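# Reading the structure
Each chain is listed here by its residues.
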Amino acid sequence: MSENIENSKENKKDDSLDLMKYIEQLIPYKKQIFRLSCVVFVLSVLIALCMPKQYTVTLTLAPEAGQNGEGMLSGVASMLGVGGFNVGEDADALTAQLYPNIVASTPFLVDMLDTRVKTANGKMDTTLQAYIISQFTFFQKVKSLPYVVKRKITDLFKDPIVLGEAGETSYLTEEKNGLVSILRESFEVAVDKKTSVSTIMVTFNDQMVTAMVADTLIVKLQEKITEYRLAKAVDDCKYWEEIYKESKEDYFAKQNEYARYVDTNKNLVKQSVIAEQERLENEALLAYQIYSNVATQLQMARAKVQEAKPAFVVVQPSIFPYEASGTSKTTMVLVLTFLGVALVIAWYLFGKEYWIVVRNKYKEFRNNTKESNITNS
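Attention here is on the structure that accompanies the text. (Residues numbered from 1 in each chain as written. Predicted model: local features only at pLDDT ≥ 70, side-chain atom pairs only at ≥ 80, totals over all residues. Heavy atoms only, no water.)

### Looking at a nonpolar patch on the surface
The following threshold applies: The patches reported here contain residues having more than 30% relative accessible area and no salt bridge. Joining distances are 9 Å for like charges and 5 Å for nonpolar side chains (Val, Leu, Ile, Met, Phe, Trp, Tyr). Here, Shrake-Rupley sampling with a 1.4 Å probe gives the accessible areas, and only protein chains in the shown set may cover a residue. By definition here, a salt bridge exists when the distance from a side-chain nitrogen of Lys or Arg to a carboxyl oxygen of Asp or Glu is within 4 Å. In this text, helices come from DSSP runs of H or I with a minimum length of four residues, and strands from runs of E with a minimum of two, each type numbered from the N-terminal end. Think of it in three bands: residues with accessible area under 20% of the maximum for their type are buried, residues over 50% are exposed, and the middle band is partly exposed, with areas taken using a 1.4 Å probe on protein chains only.
On the surface, Val 39, Phe 41, Val 42, Leu 43, Leu 46 and Ile 47 cluster together into a nonpolar patch covering about 510 Å² of accessible area. Structurally, Val 42 can be placed in helix α2 (residues 30-50). Given a relative accessible area of 45%, Val 42 falls into the partly exposed group.

Have a look at this one:
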């Protein structure tokens with residue numbers, strides 16, 4: 001036990017000696033370190049001031065009750081006397097789990113670029129596309145530079161895009177493709193798998209723009225989902241309307257044929273006449289049953305069209321953001337200053353020595369090269 005204590009004391013002494021060794025090594029460069037630290041601090045402040053503020057609006061969406069085909073349609077089915085009638089299960093092929101994919105899809109984002117926005121100071125009243133271009137700062141250009149270079153290189157070895165005769169292939173210009181990428185980074189959608197509650201976060205550099213884009217996003221998402229669900233319900237309704245007309249005409253025709261036969265042979269008591277009359281009556285009855293069932297299906301399809309319209313309830317609406325989100329400028333200055341000073345200290349502790357070694361080896365290599373060239377000449 002005593003040996004372990006002594007070993008730990010010795011380790012602490014060694015650590016303190018190493019630390020003192022590093023401090024002694026830095027003492028001759030204290031003025032340089034102080035000056036460079038001041039420069040790093042000033043640069044950190046400038047960078048923090050140049051970085052635009054970010055404002056975030058968070059919205060919460062919940063799936064509306066009865067969206068799975070139960071609720072109103074079940075009530076209609078029970079009133080019509082149709083037990084166990086499934087009419088809405090396939091209406092929810094577009095579930096809340098697909099909301100992130102819809103918001104991140106290129107057609108949705110391209111449509112969002114046409115949104116009218118207005119800045120909080122009232123200086124800009126334009127489209128979202130023009131606003132993003134106006135806010136394309138130096139830092140965003142630097143951030144997108146690797147992507148631009150990569151695209152330029154790949155374009156050199158890639159065949160040009162050829163559109164079909166009817167323009168089937170979607171084509172975006174390089175500028176619009178970059179705007180879509182920026183817009184995709186500004187939206188974040190998370191869905192709770194258990195409750196299907198969706199959280200949407202919209203982030204931009206202006207408070208009013210953020211709130212207006214968030215409102216528009218909700219409206220367009222609602223329209224997109226309603227368009228899909230309503231289109232399918234309308235197609236089903238049209239199908240049942242056609243079947244309804246056919247079954248109605250068939251029933252009326254069978255009913256008229258039966259009535260004419262009865263009127264023509266009402267005084268006859270032959271078995272052949274009675275058998276034909278029963279056959280026509282059964283056909284008319286069967287046609288009526290089909291006609292009645294199709295009419296029920298048509299009523300259910302019309303009810304489905306009405307129920308397909310709502311998609312979700314906005315639990316947390318868009319609220320004007322008064323405070324900036326993300327990392328504060330003070331924290332950014334402290335972090336950048338700390339990293340800069342750490343690099344300066346690392347340079348004087350390790351980098352400068354290795355740089356001198358590398359520089360001397362390079363000079364030696366150049367001298368040897370010159371001597372060999374003189375000898376060969």
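### Side note on the side chain of Lys 304
Rules: Under this definition, polar contacts are N or O atom pairs within 3.5 Å; protein pairs additionally need one hydrogen-donor-capable and one acceptor-capable atom, and for neighbouring residues in sequence, both atoms have to be side-chain atoms.
The topology assignment puts Lys 304 in helix α10 (residues 271-307). At a separation of 3.3 Å, a polar atom in the side chain of Lys 304 contacts the side chain of Asp 236.

### With respect to the nonpolar core
The criterion, for reference: By convention a nonpolar core is built from buried Ala, Val, Leu, Ile, Met, Phe, Trp, Tyr and Cys residues, the set being connected through side-chain atoms within 4.5 Å.
Formed by 32 residues in total, the largest nonpolar core has its most connected members in Phe 187 and Phe 204. Within the residue set of this core, elements represented by two or more residues are β1 (55-63), α4 (99-104), α5 (106-112), α6 (128-134), α8 (174-186), β4 (187-191), β5 (198-204) and α9 (207-264). Considering every element that reaches this core, the biggest residue donor is α9, with seven residues. With six residues, the next largest nonpolar core counts Leu 26, Val 40, Val 344 and Leu 349 among its residues.

### Quick word on the pattern of salt bridges
The tally for this structure, following the rule as stated, stands at seven salt bridges. The partner of Lys 254 in a salt bridge is Asp 250, and the shortest N-O contact between them spans 3.5 Å. Here Asp 250 and Lys 254 lie together in helix α9, a separation of four residues that amounts to about one turn.

### A word on α8
Heads up, the rule is: Given the number of residues in a helix, its expected span is that number minus one, multiplied by 1.5 Å. For this quantity, the arc is that covered by the directions from the helix axis to the C-beta atoms. Any two residues having at least one pair of non-hydrogen atoms within 4.5 Å are treated as being in contact.
Between its terminal C-alpha atoms α8 stretches 19 Å, which fits the 18 Å expected from 13 residues at 1.5 Å a residue. Along α8, the residues that are buried comprise Leu 179, Val 180, Ile 182, Leu 183 and Ser 186. Relative to the axis of α8, the buried residues are bounded by an arc of 165 degrees and lie together on one face. Close packing links the buried residues of α8 with α5, α6, β4 and β5.

### A look at the environment of Leu 285
Note on placement: Leu 285 falls in helix α10. Judged by relative accessible area, which is 47%, Leu 285 ranks as partly exposed. For the pair formed by Leu 285 and Lys 254, sequence separation is 31 residues and the distance between their alpha carbons is 8.7 Å.

### Thoughts on the packing of aromatic side chains
The cut-off we apply is this: Think of it this way: a Phe, Tyr or Trp ring, Trp meaning its six-membered ring, pairs with another when their centres are within 6.5 Å, and the plane angle makes it stacked under 30 degrees, edge-to-face over 60, tilted otherwise.
Under the counting rule described, the total for this entry stands at seven aromatic pairs. With centroids separated by 5.5 Å and ring planes inclined at 5 degrees, the aromatic side chains of Tyr 251 and Tyr 291 adopt a geometry described as stacked. With Tyr 251 in helix α9 and Tyr 291 in helix α10, this pair connects stretches of sequence that are 40 residues apart. An angle of 50 degrees between the planes, with centres 6.4 Å apart, marks the rings of Phe 252 and Tyr 291 as tilted. Here Tyr 291 lies in helix α10 and Phe 252 lies in helix α9, a separation of 39 residues in the sequence. Of the residues examined, Tyr 291 reaches a relative accessible area of 16% and is grouped as buried. Chaining the aromatic ring pairs together yields one cluster made of Tyr 244, Tyr 251, Phe 252, Tyr 288 and Tyr 291.

### Observations regarding the packing of α9 against α10
Heads up, the condition is: Angular values range over 0 to 180 degrees, each being the angle between N-to-C directions of two axes fitted as lines to C-alpha atoms, with helices fitted over their stretch in contact. Roughly parallel covers angles under 35 degrees, roughly antiparallel covers those over 145, roughly perpendicular covers 65 to 115, and oblique covers all other angles. Note on convention: near helix rotated counterclockwise from far helix by under a right angle means a left-handed crossing. Clockwise means right-handed. For this scheme, ten residues count as nonpolar: Ala, Val, Leu, Ile, Met, Phe, Trp, Tyr, Cys and Pro. Four count as charged, namely Asp, Glu, Lys and Arg, and the remainder, Gly too, count as polar.
Contact geometry for α9 and α10: axes closest at 7 Å, N-to-C directions at 160 degrees. When the axis of α9 is compared with that of α10, the two are roughly antiparallel. Crossing of α9 over α10 shows left-handed handedness. Taken together, the residues of the contact of α9 with α10 break down into 23 nonpolar, five polar and 13 charged.

### Things to note about the pairing of β5
Put simply, the test is: We treat two strands as partners when DSSP finds at least two bridges between them.
Only one face of β5 is covered, namely the one carrying Ser 198, Ile 200, Val 202 and Phe 204; the face carrying Thr 199, Met 201 and Thr 203 has none of its residues buried. Where β1 and β5 come together, seven bridges link them in antiparallel fashion. Pairing of Thr 58 across the sheet is with Met 201, part of β5. Pairing of β4 with β5 involves five bridges; the strand directions are antiparallel. Looking at β5, one finds that Val 189 is bridged to Ile 200. Hairpin connection, β4 to β5: the antiparallel pair is bridged by six residues, and Ser 196 has positive phi, about 60 degrees.

### Focus on the pairing of β1
As judged from the four bridges shared by β1 and strand β6 (residues 312-316), these two strands associate in the antiparallel manner. Bridge pairing in β6 places Leu 61 opposite Val 314.

Don't take any of this as a statement about function, it's just geometry.
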